[in-house]
Amino acid sequence: LAKTTQPISMDSYEGQEVNITCSHNNIATNDYITWYQQFPSQGPRFIIQGYKTKVTNEVASLFIPADRKSSTLSLPRVSLSDTAVYYCLVGDLYNFNKFYFGSGTKLNVKP
Amino acid sequence: DTEVTQTPKHLVMGMTNKKSLKCEQHMGHRAMYWYKQKAKKPPELMFVYSYEKLSINESVPSRFSPECPNSSLLNLHLHALQPEDSALYLCASSPSGSTDTQYFGPGTRLTVL
């Protein structure tokens with residue numbers, strides 16, 4: 001099971017681009033990388049998922065290098081409402097529904 | 001309807017009580033999950049039901065007993081809990097596959113006295 005490592009916290013200002021990196025050195029061939037966002041006293045919310053290279057949706061981009069030992073979540077032009085905890089998960093495609101949350105990164109967006 | 005609902009929102013119980021947490025989704029998802037989350041910690045996977053069958057039990061103590069009556073409902077029966085079991089209990093569902101997006105409910109805040 002791939003273990004993930006993320007920075008405990010990050011600070012940013014409104015309007016900036018934020019990049020949060022997750023390390024997963026022992027990622028397996030069948031593993032996907034997924035990011036979730038969580039606000040206090042709420043359930044996590046899916047942000048983005050990828051397997052390799054780059055994935056982009058309406059809220060974020062996910063960059064995965066060729067060796068897949070790390071991944072970077074990129075949030076363009078953050079606002080105060082993006083203040084939350086961001087979790088990186090690595091999941092085994094064939095180990096059915098077995099995903100584990102990493103320690104998470106607390107992003108603080110300042111005005 | 002893309003919502004997972006959980007009841008109750010808050011629950012206070014004594015160590016000798018028996019209570020149940022309920023989770024419901026109407027998205028046609030065939031996988032449902034229970035997580036436990038302590039303050040300032042990530043969610044910890046407890047149980048996974050796949051097509052109404054228990055597929056994963058993460059060595060959870062027997063005082064927690066999951067039940068999946070049908071594809072839309074998931075219960076967590078609680079009995080003889082300890083104060084250290086106080087936490088936010090999250091329910092989630094996903095369409096079916098192991099890489100599917102999980103949709104989380106708002107959670108039940110449980111306090112064991």
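These notes cover the structure that comes with them. Everything quoted here is computed from the prediction, not taken from an experiment.

## Side note on the overall build of chain A
When its secondary structure is counted, chain A shows zero helices and 10 strands. Taken from N to C terminus, the helices and strands of chain A fall in the order β-β-β-β-β-β-β-β-β-β. In terms of overall dimensions, chain A is globule-like: its C-alpha atoms have a radius of gyration of 13 Å, near the 13 Å expected for 111 residues. Here chain A, with 111 residues, has 42% of them falling under the buried criterion. Summarising the internal contacts of chain A: among those between residues at least 6 apart in sequence, 56% fall at separations of at least 24. When the 10 positive and 8 negative side-chain charges of chain A are each reduced to one mean point, those points stand 4 Å apart.

## Some details on the pairing of strand β4 (residues 31-37) of chain B
Residue and element names in this part refer to chain B. Where burial is concerned, most of β4 is hidden: seven out of the seven residues are buried. Across six bridges, β4 lies against strand β5 (residues 44-50) in antiparallel orientation. By the bridge assignment, Ala31 is partnered in β5 with Ser50. Where β4 hands over to β5, the hairpin turn is made up of six residues, of which Lys40 adopts a positive phi near 60°.

## A few points about the nonpolar core
The biggest cluster of nonpolar side chains holds 22 residues, and the ones touching the most others in it are Trp34, Phe64, Leu76 and Leu78 of chain B. Residues Val18, Cys22, Ile47 and Tyr86 of chain A belong to the second largest nonpolar core, which totals 20 residues.

Reading the values: rules and limits
Residues numbered from 1 in each chain as written. Chains lettered and ligands numbered in written order. Predicted model: local features only at pLDDT ≥ 70, side-chain atom pairs only at ≥ 80, totals over all residues. Heavy atoms only, no water. Helix = DSSP H or I, 4+ residues; strand = E, 2+ residues; numbered from the N terminus. Rg over C-alpha atoms; globule rule 2.2 N^0.38 Å. Buried < 20%, exposed > 50% of the residue type's maximum accessible area, 1.4 Å probe, protein only. Contact = heavy atoms within 4.5 Å. Lys, Arg positive; Asp, Glu negative; His and termini not counted. Charge placed at Lys NZ, Arg CZ, Asp CG, Glu CD. Pairing = 2+ DSSP bridges. Core = buried A, V, L, I, M, F, W, Y, C linked by side-chain atoms within 4.5 Å.

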